[in-house]
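# A look at the structure
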Amino acid sequence: MRLRLSYNEPSIEACVSIHVRELLGSKCFSLIFYPLSIADMFISTLLLTLGATSSATTDTMLRLTTRQQYMPGSGRQDWLQNNTEVQWAASETAIVLIDMWNQHWCASATTRVAEIAAPMQQWVAAARAAGVTIVWAPSDVTNYYANSSARANTLATATVPLPPGSPIDLPPLPLQTSTDGGCDTNCTQGSPWTHQIDTLLIEQSDYLISAEVPAGTQELWNVLHKKPNSPIKHILYAGVHENMCILDRPFALRELRGLGWPKDDLAVVRELVDVMYTPKDPPYVSHDMGLKIHTHFVEKFVATSVSMYDILAMSY
């Protein structure tokens, strides 16, 4: 904001010319107020200045509790849970939503996607309203959205060179999926998905990225750095499946860690993920317990986890 003040001293009246420039495209606003007394002039100037400063610096802060597990360096060896309260600026946070398809070849997987889609839609809407960047990653059905605004937004971002990558070493995954591809119902494998589940609404301000190699990695990297002076610093992952696509797609956790993204700035959303796993396979536990076991694996070696309610509570 630039203020230019002038007044006619004999008449004790002033003309205040206030030029307000906002970086909203090419828009420029000019407001002129007159005549004013000198006292009114300075009061108005002070209020306008404070208001402009406030609006320019305000950013919604996401108050999250990140959870991870670690092995202590002394004493009896055991995995200990660490919960940390953090505040992430919404403008510096992105959500990546993976493979929430309308139908899966595994019937129980289709059911579980439908179960998490309703709270996911509410959660995404609350995050978007707070200023979080929303990135859809539907993989095989990307072409269904070829003419969407979200896809156009992604393709319009400038290409930002990827840093040198180095794959991270992980121990074997805790869930085996050799029986029926991890499906816990008797189904014939195939590719019945055509688009995302209709419960989830893609808005014009969102982004939608490819799963091709290396395009998927590059497109996500471009979106994360769409504001060179204020890049995304924190990423939340939701969708399916945590032991497959959320871990290993070109835009997924393992890839980001390999590009140097800190573990503390990555998180899976515990209530909004699922795994492919049948109790017929080791470690021979229920599907729900299998999900918990794999999320604990992520917390130990890959990223942190958060609850969806940390963001949802902001919209209540």
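We now turn to the structure provided with this report.

With that out of the way, let us pick up unusual backbone geometry. Both trends apply: most residues other than glycine have a negative phi, and most peptide bonds are in trans. Here the bond from Val213 into Pro214 is cis, since omega is 5°, no more than 30 degrees from zero. Within the fold, Pro214 resides in the loop between strand 8 (207-208) and helix 4 (215-224). For the bond running from Val240 to His241, omega is -10°, close enough to zero to count as cis. By the secondary structure assignment, His241 is in the loop between strand 9 (234-240) and helix 5 (245-248). One non-glycine residue, Asp99, lies in the positive phi region at around 55°. Mapped onto the elements, Asp99 comes out in the loop between strand 6 (93-98) and helix 2 (107-130). Looking at Asp99, the relative accessible area reads 2%, which means it is buried. In this structure, Ser139 is a non-glycine residue whose phi angle is positive, near 55°. For Ser139, the position within the fold is in the loop between strand 7 (133-137) and helix 3 (149-156).

Quick look at the pattern of salt bridges now. Evaluated as defined, the whole model comprises 10 salt bridges. For Asp140, the salt bridge goes to Arg249, with nearest N and O atoms at 3.9 Å. You can see Asp140 sitting in the loop between strand 7 and helix 3 and its partner Arg249 sitting in the loop between helix 5 and helix 6 (253-258), a full 109 residues away along the chain. The partly exposed category is assigned to Asp140, whose relative accessible area is 46%. A residue is classified by how much of its surface remains accessible, and Arg249, at 18% relative accessible area, is buried. A single network of salt bridges, built from pairs that share partners, joins Asp99, Asp140 and Arg249.

If you check helix 2, its first and last C-alpha atoms are 35 Å apart, about what 24 residues at 1.5 Å a residue would give, namely 34 Å. Roughly 35° is the biggest bend found in helix 2, and it falls at Ala117, with proline Pro119 one to four residues downstream.

According to the stated counting rule, one finds 5 aromatic pairs in the structure shown. Consider the rings of Trp101 and Trp193, whose centres lie 4.0 Å apart with planes at 25°: the pair is stacked. Here Trp101, found in the loop between strand 6 and helix 2, pairs with Trp193, found in the loop between helix 3 and strand 8; they are 92 residues apart in sequence, far enough to count as distant. With respect to burial, Trp101 and Trp193 carry one shared label: buried. What links up through ring pairs into an aromatic cluster is the set Trp79, Phe297 and Phe301.

A separate point is the nonpolar core. Judged by nonpolar contacts, the single largest core of 42 residues is most densely connected at Leu97, Met120, Trp123 and Leu236. For this core, the secondary-structure elements that each account for two or more residues are strand 4 (61-70), strand 6, helix 2, strand 7, strand 9, strand 10 (266-274) and helix 8 (309-312). Broken down by element, the residue count for this core peaks at 10 residues, all from helix 2. Beyond its immediate sequence surroundings of up to four residues, Leu97 is in contact with Met120, Trp123, Val124, Ile134, Val135, Trp136, Ala137 and Ala238.

Within the secondary structure, Trp123 sits in helix 2. Classification of Trp123 by relative accessible area gives buried; the value is 1%. In this structure the C-alpha to C-alpha distance between Trp123 and Met314, which are 191 residues apart in sequence, comes to 9.8 Å. Beyond its immediate stretch of four places on either side in the chain, Trp123 contacts Ile95, Leu97, Leu236, Ala238, Val269, Leu272, Met308, Ile311 and Leu312.

What counts and what doesn't
- Residues numbered from 1 in each chain as written.
- Predicted model: local features only at pLDDT ≥ 70, side-chain atom pairs only at ≥ 80, totals over all residues.
- Heavy atoms only, no water.
- Helix = DSSP H or I, 4+ residues; strand = E, 2+ residues; numbered from the N terminus.
- Buried < 20%, exposed > 50% of the residue type's maximum accessible area, 1.4 Å probe, protein only.
- Salt bridge = Lys/Arg side-chain N within 4 Å of Asp/Glu carboxyl O.
- Expected span 1.5 Å × (residues − 1).
- Bend = angle between axes of the 7 residues up to and from the residue.
- Phe/Tyr/Trp six-rings, centres within 6.5 Å; stacked < 30°, edge-to-face > 60°.
- Core = buried A, V, L, I, M, F, W, Y, C linked by side-chain atoms within 4.5 Å.
- Contact = heavy atoms within 4.5 Å.

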